[in-house]
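# Chain and residue survey
Listed below are the residues making up each chain.
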Amino acid sequence: MTESTPTEAELVRHAALLSGADMSHTRPDDDARALTLSDGPNGLAMNLPDWSGKVPATCFPAPVALAATWDVDLVARVAAAIGREARAAGADVLLGPSINIKRSPLGGRGFEYYSEDPFLSGRIGAGFVTGVQSAGVGACVKHFAVNSQETDRMRVSAEVGERALREIYLSAFEHVVASASPAMVMASYNRVNGTYVTQDRRLLTEILRDEWGFEGAIVSDWGAVDDRVEALRAGLDLAMPGPADASRRQILAAVAGGDLEASVVVDSAERLRRLARTWGAPAGRPADLEEHHELAVTASAASIVLLKNDDLLPLRTTGGPVAVIGELARTPHIQGGGSASASATRLDTPLAALRAALDRSVEFSAGYSCEPTEREALADEAVRIAGESDVAVVFLGPGEGSESEGYDRASLELPLDQLTLLARVLAVNPRTAVVLDNGGIVLTSPWSADVGALVEAWLPGQGGGTAIAQVLTGVVNPSGRLTETIPLRLADTPAFPSFPGDGGRVFHGEGVFVGYRGYDHAERDVAFPFGHGLSYTRFAYDDVEVVDDGERSGDVVVEFTVRNVGAVAGAEVWQVYLKPERREGGDRPVRTLAGFGKVELDAGSAARVRATVLPREFARWDDRRDGWVVDAGTYTIEVGASSRDIRLQAEVSRVASGPATTLNARSTLREWLTDPAVGPALLRSAAAFDPGGSTRGFLSNPVILTMIGDLPIERLFDDPSTALGPELLATAVEEARRQGGAG
Ligand code: BGC
């Protein structure tokens, strides 16, 4: 970027820009305004100047809930509203979305992340960025990368193989960068394979910038820089929040001492000036908070997942008494803790909303409390009203403080007193619906077998009370779907043996088998699968057709029909999974999400859905070939209503593609012989090198391949019984190249 060497004064000016002025501002200079950076991913979370609280803002449903809508456009509308509030409050960059993969449901920031699946996380994340930026506010995608836990989050090294890194942990970021051009990316606190991300040149420069084409600025998570000069060299532009003077001195000393190119400093400063020119704008008009509250209600209603329903829901608006039980109905837990939490402008409680929606007598009992002394009496009262009611609605959840940035969750179980209360309520009234109020998933087994209906309402934001009442009464037909599997037991979760690690390292031993990829691979039963969610109507799928097999364009296009065969209007989230041919060793996930959408249908109506599966979805990361590789073979396109409710199937075939294998003397005998181009060339060259035939005989003997196929070929070089050596290998590669093959 830089051509002339800067003067010392210029360098001082550039270096001054590279760390923050304070917790939420960058530093200005003649060519750049100071920018205001503010959290958050479910509503503006801007600190008041005296740190006594946060600027009032619409608290939208937690990110986990936004993703459960499976509705990219709706998420973009929510994000645009957050962007408008950010503009009105004078923020230039919003520190969100948070798109890390939910590796373990114990992760304390699970409420803030979208999914266990990178395809879904990437699409929802891109929608969020597009929405925020449409309001003239830059979005900062975080936390790049592999920041999947809170335990020791500021030092821990995520030990992860390249394939899992690419396929699981980086690909959502890759998609967001490529499709939504975020203003900023935030480098996370943790280390990846031993190197602090803020100082990892391969991640920040080689992958993020050079490979993916990211043109924005890279900011550190707050306090994540360990060595400022090393971080700059790696590609990190802005260290937040500072300290500015020390950082500037270190940078200038490194340039003076010849340890750092001046051009690196200039390039980073220029990127920050560009950021300020693009996104620094005067505060906008006040946002319409009334309209935003309505949007918060809509988003929450669209996020609610009906996990189970034995015809108990929807509740009729007239009829016998309804018992509403649970402190969370009166005092809902609406968002997770930490930097993401917003100061809501108002609060709809489920209790008030149900009272308003139902033309029936509604009795309330808190049922449980945080004060141990009150527990017994509260439970007795709740059981009494449940027994006297036509139906009971019990609100359960781990409660305030259970989920936050800064620490991981202690358990996936609901509090014991709540489960005891539920058992007592069920004993007197089996017509009981449970509403869950939580961010990361909670275990539902075995008790969910006994309830009449189970509703996952997430941390629903300030409009959640109204949304819950709308769904319970059928004003809104539920259409949310799980973005994370609910397992039967914590011990079933793929990351269980190695979460959260110890000794400063966390081994990602499950590799790519995260979430449903892991449960499917192990053929493990789950409580509710990824993608699951019911409706008050039923949908049928038929007539799948591959309308483009992708042979020419690469994109596979399938069409199918979704029919609403029930009695009421509703929205169905259709899901397309890709299932590769099962190969020996089963090193690929059984299926991976490759497309989804939401279709609204009146009772009795149908829609023809067109889904495109992009070439990249067929690919796997190949370590040896250091790139995305498509294996030749048959792939099944599965169309369904969840990862374990596949309704239609179609097949397409693919030819092999991807970078050629780089064979060298350290490659194994098997790699040489099984290479489609070089293998046959090696046999031909062996015959020419050794007319007696023993080299060719040796190489084509199947027993040799079985026994020593994994030997690096160079270890056979000194054996006089064959002609194997560098010359023969070079000839074979050359011969393969002449024939137009790989090598
Ligand atoms: C969090 C980030 C947040 C930043 C600024 C950090 O502790 O990890 O998500 O954006 O603080 O508040």
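The paragraphs below set out a description of the structure included in this document.

Thresholds applied
Residues numbered from 1 in each chain as written. Predicted model: local features only at pLDDT ≥ 70, side-chain atom pairs only at ≥ 80, totals over all residues. Heavy atoms only, no water. Near = heavy atom within 4 Å. Polar contact = N/O pair within 3.5 Å; in protein donor to acceptor, adjacent residues only side chain to side chain. Areas by Shrake-Rupley, 256 points an atom, 1.4 Å probe, with all protein chains shown as cover. Nonpolar A, V, L, I, M, F, W, Y, C, P; charged D, E, K, R; others polar. Phe/Tyr/Trp six-rings, centres within 6.5 Å; stacked < 30°, edge-to-face > 60°. Helix = DSSP H or I, 4+ residues; strand = E, 2+ residues; numbered from the N terminus. Buried < 20%, exposed > 50% of the residue type's maximum accessible area, 1.4 Å probe, protein only. Axes fitted to C-alpha atoms, helices over the stretch in contact; angles between N-to-C directions. Left-handed = near helix turned anticlockwise from the far one by under 90°. Contact = heavy atoms within 4.5 Å. Pairing = 2+ DSSP bridges.

Attention shifts here to the site of the ligand. In the region of the ligand, the neighbouring residues are Asp39, Leu95, Arg109, Lys142, His143, Arg153, Met186, Tyr189, Asp221, Trp222, Ser339 and Glu405. A distance of 2.6 Å is found between an oxygen atom of the ligand and a side-chain nitrogen or oxygen belonging to Asp39. One of the side-chain N or O atoms of His143 is found 2.7 Å from an oxygen atom in the ligand. Out of a free accessible area of 310 Å², the ligand has 88% covered by protein chains. Its residues assigned to classes, the shell around the ligand comprises four nonpolar, two polar and six charged.

Summed over all chains, the structure comprises 11 aromatic pairs. Between Tyr516 and Phe530, the aromatic rings sit 4.4 Å apart at their centres with planes inclined by 25°, giving stacked as the arrangement. In this pair, Tyr516 sits in helix H16 (residues 516–521) while Phe530 sits in the loop between strand S19 (526–528) and strand S20 (539–548), placing the two residues 14 residues apart along the sequence. Here the two residues Tyr516 and Phe530 agree in accessibility, since each one is buried. When the ring of Tyr516 is compared with that of Tyr577, the centres are 6.1 Å apart and the planes differ by 85°; the resulting orientation is edge-to-face. You can see Tyr516 sitting in helix H16 and its partner Tyr577 sitting in strand S22 (residues 570–580), a full 61 residues away along the chain. The residues Tyr516 and Tyr577 share a single accessibility class, namely buried.

Following both chains from N to C, one finds helix H3 (residues 72–88) and helix H4 (residues 118–134) inclined at 35°, their axes separated by 7 Å at the closest point. Between H3 and H4 lies a crossing whose hand is right-handed. In this structure, H3 uses Val72, Val75, Ala76, Ala79, Ala80, Ile82 and Gly83 to contact H4, whose residues at the interface are Arg123, Ile124, Gly127, Phe128, Gly131, Val132 and Ser134. Partitioned by chemical class, the residues of the contact of H3 with H4 number nine nonpolar, four polar and one charged.

Within the secondary structure layout, Arg409 lies in the loop between strand S14 (391–396) and helix H14 (416–428). Measuring from C-alpha to C-alpha, the distance between Arg409 and Glu150 comes to 9.1 Å, with 259 residues separating the pair along the chain. Among residues more than four places away in sequence, those in contact with Arg409 are Pro105, Leu106, Gly107, Gly108, Ser402, Glu403, Gly440, Ile441 and Val442.

Judged by pairing direction, the sheet is antiparallel, and its three strands sit side by side in the order S20-S21-S24 without closing on themselves. Of all the strands in the sheet, the pair left with one neighbour each is S20 and strand S24 (606–613). Adjacent strand axes in the sheet meet at a mean angle of 25° when their direction is disregarded. Note: strand S21 (residues 556–564) against S24, eight bridges, orientation antiparallel. In the strand pairing of S24, Val558 is matched with Ala611.

Turning next to unusual backbone geometry. For the bond from Gly96 to Pro97, the omega torsion is 10°, close enough to zero to count as cis. Inspection of the secondary structure puts Pro97 in the loop between strand S3 (93–94) and H4. A cis amide bond links Phe144 with the next residue in sequence, Ala145, at an omega value of 15°. For Ala145, the location among the structural elements is in the loop between strand S4 (138–144) and strand S5 (157–159). Of note, Trp458 is a non-glycine position whose phi angle comes to about 60°, a positive value. Structurally, the position occupied by Trp458 is in the loop between strand S16 (453–456) and helix H15 (464–473). Unlike most non-glycine residues, Asp626 shows phi in positive territory, near 50°.

Remember, this is a structural readout, not a statement about activity or role.
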